[in-house]
Amino acid sequence: MASNGKFYLTTPIYYVNDAPHIGHAYTTVAGDVLTRWHRARGENVWFLTGTDEHGEKVMNTAAQNQVSPQEWCDRLVESAWKPVWEHLNIANDDFIRTTEERHETRVQRFLQGLKDQGHIYLGKYEGPYCIGCEEFKLPGDLDDNKCVVHGRPVEMLSEENWFFKLSAFVPALIERYTKNPGACEPASARNEVLAFLQGETPVTDLSISRSTFDWGIPVPWDTKQVIYVWFDALLNYATAVGLGDDPASEGGKKFAEFWPADVHLVGKDILRFHAVIWPAMLMAAGLPVPEKIFAHGWLLVGGEKMSKSKLTGIAPRDITDHFGVDAFRYYFLRAIPFGSDGSFSWEDMSARYTSELANDFGNLASRLIAMIEKYSGGKIPAVAHDPELSALLAQTVTAADDAILALDFQGGINAIMDFCKRVNGYVTEKEPWAVAKDETRTAELMDILYNTADSIRALAVLLHPIMPTTTEILWKSLGADQSMGPISEQRIGLVAKWGQLPEGSTVTKGAVLFPRLEEAEAK
Ligand code: MSP
């Protein structure tokens, strides 16, 4: 978090050549969970996502579908991208499209500024280009003249292009990543970037325009060329918050408030663009560089990166239809260490759904509500205090907060779910159903119910950024909405304060949080 309490996070902007698959959803859900967590800490959050609409790849897809590129983009954004993010409960503050006027004019102004300051020159590019990656390739990036990422032959380009003096910023980039390890994480990603910057093959200048097609933003002083799609796309992070606007204008104020970004979340395949080209562009313009680039791993199918072009893409709905949206949001962050690759399997997801969500969490909640209805007239009993549970809760909140701020989602979720297991253990050990049989032990019974209820109150708040819908249902069934206000307004910093659930709140039996999977459905 920046010192002024703001937190600006971005996802990559996605190519609109196809509909989103779970690899794209993985990045966006991670961003959503992280920003919801920061909001729950009371920070001033800005969460940006969007679409990358220029370049040959999108242009070719539109042509194959016999529509203009703009029509294609409009159709895909409205029918595929935005609805999927809505379905997955993504609470982004803004959605930028690179064909929007607000983006194009700011990109042109930025590029003109670099040219005026002497960072741009005319040169000749000769070499391989992969349309799948939209990237000028180096010999080491190819295998038998094919791009190693897409497995498809590259194009050979020979064009007169405008170049950005990228090489001039190599020493400053090396210094940044050496002195400030947090600027690029995890360590494996930082090492890869440093190896690239310090490698035997010197970093060359970057061609930032193309002359053989026209689907892009025109170079302001040479309108026969369009700006290279990555140069255009990377700028979205800054154009969306008012890059280059008059400081007194709305855009200028927004830029002062949120720039630089605190975290750019990216997949490891697009690390170099973000950790080398992007900060160099900003340095050239004299602007602050992002605080952190975090590269996560790939979702694999059959040991390879899941991708639509290889026909291995799984649509998020294929999974949410079986498990629900919240389980989808939970599963990938819980199962795969953020930064490593991981494989999706129906078996693993079914197993975790049943043991962690349905049994450990869902059952705990429904048992408690049922017991309060049965033994306490449906009202939360008087505030009690279990020193062991309350101490453990304090440790849990600290551990979860530390882990999630460090983008260790798995560690954070584990800490919370370990607490959930302990609360289950507490109920099992205390045997409230047995205590209820003895009328002289009513006070003890009420204490057990209260301690369990207040623990679940805390669990709901801690799990809310990960599973917003089910935790809200639970919150309402605890009566907490009435007695404590909306769950989204609860603060992480206060969760560990024991005894917050007021006596007398009325509980109601809500919908089952995580219904049992039908055997046949569990695939
Ligand atoms: N348009 C560029 C990004 C420009 S950002 C200025 C792009 N788009 S993309 O649609 O191809 O990919 C966007 C993101 O989705 C990347 O972070 C990429 O790593 C991620 N994923 C695509 N497939 C993935 C998996 N199979 N697994 C995990 N993430 C994956 O690149």
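Higher on the page you've got the structure.
Quick caveat: nothing in here was measured; it's all calculated off a predicted structure.

Enquirer: Any details on the overall build of the protein chain? Residues and values, ideally.
Expert: A tally of helices and strands in the protein chain yields 20 helices and 18 strands. Taken over the C-alpha trace, the protein chain has a radius of gyration of 26 Å; the compact-globule value for 523 residues is 24 Å, and the two agree within 12%. Evaluated residue by residue, the protein chain yields a buried proportion of 57% over its 523 residues. Of the accessible surface of the protein chain, which amounts to about 21100 Å², a share of 51% is contributed by carbon and sulfur atoms. Taking the average place of the 49 positive charges on the side chains of the protein chain and the average place of its 70 negative ones, the gap between the two points comes to 2 Å.

Enquirer: Explain the pairing of strand β13 (residues 222-227) to me, using residue names and the numbers behind them.
Expert: Looking along a regular strand, one sees the side chains alternate between the two faces of the sheet. Both strand β11 (residues 209-210) and β13 contribute to a ladder of 2 bridges, which runs antiparallel. Residue pairing in the sheet places R210 in a bridge with V226 of β13. The pairing of strand β12 (residues 218-219) with β13 spans 2 bridges and is antiparallel. Following the sheet pairing, P218 is matched in β13 by V226. Where β12 folds back onto β13 in an antiparallel hairpin, the turn is made up of 2 residues.

Enquirer: Mind laying out helix α17 (residues 442-463), listing which residues take part and the relevant values?
Expert: End to end, α17 covers 31 Å across 22 residues, agreeing with the expected 32 Å (1.5 Å per residue, within 8%). Extensive coverage of α17 is indicated by the burial of 18 of its 22 residues.

Enquirer: Describe in detail the side chain of H464, supporting the description with residues and values.
Expert: As for its placement among the helices and strands, H464 is situated in the loop between α17 and α18 (468-477). Not counting the four nearest positions on each side in its chain, H464 is found in contact with T471, I487 and S488.

Enquirer: Please set out unusual backbone geometry residue by residue, giving values where relevant.
Expert: Omega for the bond connecting E185 with P186 falls within 30 degrees of zero, at -5°, which places this linkage in the cis form. When you line up the elements, P186 lands in the loop between β9 (184-185) and α6 (187-198). Each neighbour pair has its own omega, and for W259 with P260 the value is 5°, a cis peptide bond. Although it is not a glycine, Q66 adopts a positive phi angle of roughly 55°. Here Q66 falls in the exposed class, since its relative accessible area comes to 72%. A positive phi angle, close to 60°, is found at L407, a residue other than glycine. The topology assignment puts L407 in the loop between α14 (387-405) and α15 (409-430).

Enquirer: Go over the state of the cysteines, please, and point to the residues and values.
Expert: Any covalent bond linking the sulfur atoms of two cysteines counts as a disulfide. A complete count under the given rule lists 0 disulfides for this structure. With no disulfide of its own, C130 lies closest to C147 among cysteine sulfurs, the gap being 3.7 Å. C133 takes part in no disulfide bond, and the closest cysteine sulfur to it belongs to C147, at a distance of 3.7 Å. C133 gets classed as buried once you look at its relative accessible area, which sits at 10%.

Enquirer: Could you give an account of the packing of aromatic side chains, with specific residues and numbers?
Expert: Scanning the model with the defined rule gives 32 aromatic pairs in all. Ring centres of Y121 and F163 lie 5.7 Å apart, and the angle between their planes is 20°; on these two criteria the pair is classed as stacked. Taken together, the positions of Y121 in strand β4 (residues 120-130) and F163 in strand β8 (residues 155-164) put the pair 42 residues apart, joining distant regions of the chain. A relative accessible area of 30% means that Y121 is categorised as partly exposed. Relative to F332, the ring of F328 has its centre 5.2 Å away and its plane inclined at 65°; by these criteria the two rings are edge-to-face. Here F328 and its partner F332 are both found in helix α12 (residues 325-335), 4 residues apart, which amounts to about one turn of the helix. The side chain of K82 reaches across the aromatic face of F95, ending 5.0 Å from its centre. Geometry around Y129 places R210 over its ring, the cationic atom sitting 4.6 Å from the centre.

Enquirer: Just give me the short version of the site of the ligand, but keep the residues and values in it.
Expert: I13, D52, G267, D269 and L299 are the nearest of the 24 residues found near the ligand. One of the backbone nitrogen or oxygen atoms of G267 is found 2.8 Å away from an oxygen atom of the ligand. Relative to its unbound accessible area of 660 Å², the ligand is 96% covered by the protein chains. Mapped by element, the contributors of at least two residues to the shell around the ligand are β1 (6-15), α1 (22-40), α7 (229-234), α8 (236-239) and β14 (263-267). Examining the composition of the shell around the ligand, we find that 4 residues originate from one element, β1, more than from any other. Residue classes in the shell around the ligand are distributed as 13 nonpolar, 8 polar and 3 charged.

Enquirer: Please give an account of the pattern of salt bridges that cites residues and values.
Expert: For side chains of opposite charge, pairing can occur when their charged atoms come near one another. Evaluated as defined, the whole model comprises 30 salt bridges. Salt-bridge contacts for E356 lead to R352; the nearest nitrogen and oxygen are separated by 2.9 Å. Note that E356 and R352 are positioned in helix α13 (residues 346-375) at a spacing of 4 residues, about one turn of the helix. No difference in accessibility class separates E356 from R352, as the two residues are buried. Look at the salt bridges and you will find they share partners, linking R334, D348, R352 and E356 into a network.

Enquirer: Account for the nonpolar core, naming residues and giving values.
Expert: I319, F332 and F361 are the most contacted members of the largest nonpolar core, which totals 112 residues. Per element, the largest residue contribution to this core is 13 residues, and it comes from α17. Not counting the four nearest positions on each side in its chain, F361 is found in contact with E356, M417, C420, L459, L463, M467, T471, L474, L513 and F514. Counting residues in hydrophobic clusters, the runner-up holds 68 residues, among them V107, L271, V276 and I293.

Enquirer: Help me get a handle on the environment of Y125, residues and values and all.
Expert: You can see Y125 is positioned in strand β4. In sequence terms Y125 and A187 are 62 residues apart; their C-alpha atoms lie 33 Å from each other. Dropping the residues within four chain positions of it, Y125 is found in contact with F136, K137, L157, S158, E159, N161, F163 and S207. Looking at Y125, its side chain comes within polar contact range of the main-chain oxygen of P128, at 3.0 Å.

Cut-offs used in this document
- Residues numbered from 1 in each chain as written.
- Predicted model: local features only at pLDDT ≥ 70, side-chain atom pairs only at ≥ 80, totals over all residues.
- Heavy atoms only, no water.
- Helix = DSSP H or I, 4+ residues; strand = E, 2+ residues; numbered from the N terminus.
- Rg over C-alpha atoms; globule rule 2.2 N^0.38 Å.
- Buried < 20%, exposed > 50% of the residue type's maximum accessible area, 1.4 Å probe, protein only.
- Areas by Shrake-Rupley, 256 points an atom, 1.4 Å probe, with all protein chains shown as cover.
- Lys, Arg positive; Asp, Glu negative; His and termini not counted.
- Charge placed at Lys NZ, Arg CZ, Asp CG, Glu CD.
- Pairing = 2+ DSSP bridges.
- Expected span 1.5 Å × (residues − 1).
- Contact = heavy atoms within 4.5 Å.
- Disulfide = S-S within 2.5 Å.
- Phe/Tyr/Trp six-rings, centres within 6.5 Å; stacked < 30°, edge-to-face > 60°.
- Lys NZ or Arg CZ within 6 Å of the ring centre and 35° of its normal.
- Near = heavy atom within 4 Å.
- Polar contact = N/O pair within 3.5 Å; in protein donor to acceptor, adjacent residues only side chain to side chain.
- Nonpolar A, V, L, I, M, F, W, Y, C, P; charged D, E, K, R; others polar.
- Salt bridge = Lys/Arg side-chain N within 4 Å of Asp/Glu carboxyl O.
- Core = buried A, V, L, I, M, F, W, Y, C linked by side-chain atoms within 4.5 Å.

That's the geometry; what it means functionally is another story.
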